[in-house]
Amino acid sequence: MAEEVLISSPGKITSHLTGSLLAVAFLTSFGSSMLYGYNLAVVNSPAVYIKDFYNRTVVGRNGTGLNGETLTLMYSLTVSVFAIGGLLGSLIVGILVTRFGRKGTVVKASVLVFIAGTLMGFSRICGSPEMVIFGRFITGIHSGISLSVVPMYLGEIAPKNLRGFLGLVPSIFIGTGVFAAQILGLHELLGKEEHWPLFLSLVVVPTFIQLLLLPWFPESPRYLLIEKHNVHATITALKWYRTKCNIQAEIEEMQEEQRSLSSVDTLSVWRLLLDDTVRWQVLSVAIINVGMQLSGIDAIWFYTNDIFKNAGIPVAEIEYTTAGTGIIEIIAGLIGCFTIEKLGRRPLIIGGFTMMGICCAGITFALILQTHLSFMRYVSVGCVVGIIAGFCIGPAGVPFLITAELFKQSHRPAAYIVGGSLNWISNFTVGFVFPFLQMSAGSYSYLVFSCVCLSVAMYVYIVIPETKNKTFMEISRMFTKKEAVPETQSLGHMDQLKLKKINGYGTLENGSLEFDSSSSVP
């Protein structure tokens, strides 16, 4: 017996936030994205203890300890190998999401966290610094995969009116991960010498929770329909993620995208770079991902303690003050998350980069003038807060969201490889180059970051259109036609679509959506 699926809002692909959408956003962000922020900050607090462990282990093996330079090199390798792993993870994410799907990649990648946690947790018992370094490398691979696949997954399961909100949830959890590492690293908690292996291996806890619950949720509907051609699974997934919405119009929009693709096979990075039809999209993704890391945020986080010390904050209280900046990250991330669907992507990313550019210039002048004007020390603290807040409101999460929105299904994995690899390379470059820049340019080094931030903001203002409340096909047309699609525009023939259940199973009649004979397709 055939029964018709009801449509509450004809012709519009919009929906309310459902429990399933929120649960998937929480689980993927909590069990994957948060680990990136946690691993960025986790090695700062126990640095002295890790170096002492390395030295004592070498003494036990060779009878002589390490000199200062070698010890610093080993610790620097421990920190930077995370970025090398991240680059590798970003390069293989395209293969993984094509073979295993979006959710499948998130679930299978969790195995890496358990391997890394085991290596780091038992490294002191085994007397092996190599286990710490290799564990950090593996966590980097997991973070490189997660930074791409989580926003890709959330961007594909979200209706267009909630894509921005769900797309920024991972950035909130990245800030939460940094904050958690700062708090747990306090001496009163896990900041003692005997606790550092446990401190490093705690990453397995959120991943274990994710692994228990996430497999119960469906795969991305777009992946199921466009790449796997499974209409029944697509309808089942949409019913999980939607309530009282136009499911048939959303499927038709996916089918329209499928018909527009010259091939449903996933493009390689080389083919993506040679595709003239997406040249501006690729350039935009490259610029905003490189700008995200060259904005100077990593340098600010690294030198926050020195700036606070110069501002007159007692040394004993600096670690608590630094931890307080984690609260600013979370609050700024929440502001961006809850305003993006109202303000749009452009205001957040342009405003965030502009705010960072102004504050980076402010730090330069504050550091120069603080020897003459005492109140400039507090201006420098305010600029640090401004840079962190500006970053977390927009540039921290919007680049990953825009990468999903600017490309069709076949181009999206390769686009994430390009954006992710440039992101990690830029991250490593800043960490390597900034100390030398600081030595040669001193306070003026922050002017370099100021110029980068303001240049990226200008590029976004001129080139990247607003993608709020647009379908992927509409966004694609905005670039090909060089003109924006009005937000009120929708596919005019959607009102006439007939989606039916046949023999109790969700299928499309004759494998496609039918139109009334009276409908006219432009």
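For the structure, see preceding data.
What you are looking at is a predicted structure, and each value in this text was computed from that prediction instead of being measured.

Considering all chains together, one arrives at 12 salt bridges under this definition. We note a salt bridge from Glu193 to Arg56, for which the minimum N-O separation is 3.7 Å. Here Glu193 is found in the loop between helix H7 (163–184) and helix H8 (196–201), whereas its partner Arg56 is found in helix H2 (residues 47–62), with 137 residues between them in sequence. On the basis of relative accessible area, Glu193 is assigned to the partly exposed category, the value being 34%. A salt bridge links Arg279 to Asp276, with the shortest nitrogen-to-oxygen separation between them at 2.4 Å. Asp276 carries the same exposure label as Arg279, and that label is exposed.

With their axes 8 Å apart at the nearest point, helix H17 (residues 345–369) and helix H21 (residues 445–462) run at an angle of 160° to one another. Regarding the angle of H17 to H21, the classification is roughly antiparallel. Between H17 and H21 lies a crossing whose hand is left-handed. Seen from H17, the contacting residues are Arg346, Ile349, Ile350, Phe353, Thr354, Met356, Gly357, Cys360, Ala361, Ile363, Thr364 and Leu367; seen from H21, they are Tyr446, Leu447, Phe449, Ser450, Cys453, Leu454, Val456, Ala457, Val460 and Tyr461.

Phi at His229 is positive, roughly 60°, even though this residue is not glycine. Structurally, His229 is set in the loop between helix H10 (221–227) and helix H11 (231–241). Overall, the relative accessible area of 48% leaves His229 in the partly exposed class. In this model, Asn469 sits at a positive phi of 60°, which is unusual for a non-glycine residue. Here Asn469 lies in the loop between H21 and helix H22 (472–480).

A few words on the packing of aromatic side chains. Enumeration according to the criterion identifies 13 aromatic pairs in this entry. Measuring from ring centre to ring centre gives 5.2 Å for Phe53 and Trp196, while their planes differ by 50°; the resulting arrangement is tilted. Here Phe53, found in helix H2, pairs with Trp196, found in helix H8; they are 143 residues apart in sequence, far enough to count as distant. Residues Phe53 and Trp196 agree in their burial class; the two are buried. Three or more aromatic residues link up through ring pairs in this structure, and these residues are Phe26, Phe30 and Phe173. Directly above the ring of Tyr75 sits Lys51, whose terminal nitrogen or CZ lies 5.1 Å from the centroid.

A surface patch of nonpolar side chains, amounting to about 630 Å² of accessible area, comprises Ile84, Phe428, Phe432, Val433, Phe436 and Met439. Tracing the backbone through its elements, the reader meets Val433 in helix H20 (residues 412–441). Here Val433 falls in the partly exposed class, since its relative accessible area comes to 40%.

Turning our attention to empty space enclosed by the protein. Scanning all chains against the criterion turns up 4 cavities of 30 Å³ or more. The computed volume of the second largest cavity comes to approximately 90 Å³. As for the second largest cavity, its lining consists of 14 residues, of which Ala158, Lys160, Arg222, Glu250 and Glu253 are closest to the centre. Every element with two or more residues in the lining of the second largest cavity is listed here: helix H6 (129–157) and helix H12 (247–260). Each residue belonging to the lining of the second largest cavity can be placed in one class, and the counts come to 5 nonpolar, 2 polar and 7 charged.

About the cut-offs
- Residues numbered from 1 in each chain as written.
- Predicted model: local features only at pLDDT ≥ 70, side-chain atom pairs only at ≥ 80, totals over all residues.
- Heavy atoms only, no water.
- Salt bridge = Lys/Arg side-chain N within 4 Å of Asp/Glu carboxyl O.
- Helix = DSSP H or I, 4+ residues; strand = E, 2+ residues; numbered from the N terminus.
- Buried < 20%, exposed > 50% of the residue type's maximum accessible area, 1.4 Å probe, protein only.
- Axes fitted to C-alpha atoms, helices over the stretch in contact; angles between N-to-C directions.
- Parallel < 35°, antiparallel > 145°, perpendicular 65-115°, else oblique.
- Left-handed = near helix turned anticlockwise from the far one by under 90°.
- Contact = heavy atoms within 4.5 Å.
- Phe/Tyr/Trp six-rings, centres within 6.5 Å; stacked < 30°, edge-to-face > 60°.
- Lys NZ or Arg CZ within 6 Å of the ring centre and 35° of its normal.
- Patch = residues over 30% accessible without salt bridge, like charges linked within 9 Å, V, L, I, M, F, W, Y side chains within 5 Å.
- Areas by Shrake-Rupley, 256 points an atom, 1.4 Å probe, with all protein chains shown as cover.
- 1 Å grid on protein atoms, 1.4 Å probe; cavity = no way out; pocket = protein on both sides within 12 Å on 5 of 7 lines; lining within 4 Å.
- Points joined across faces, edges and corners; volume = space filled by probe spheres on them.
- Nonpolar A, V, L, I, M, F, W, Y, C, P; charged D, E, K, R; others polar.

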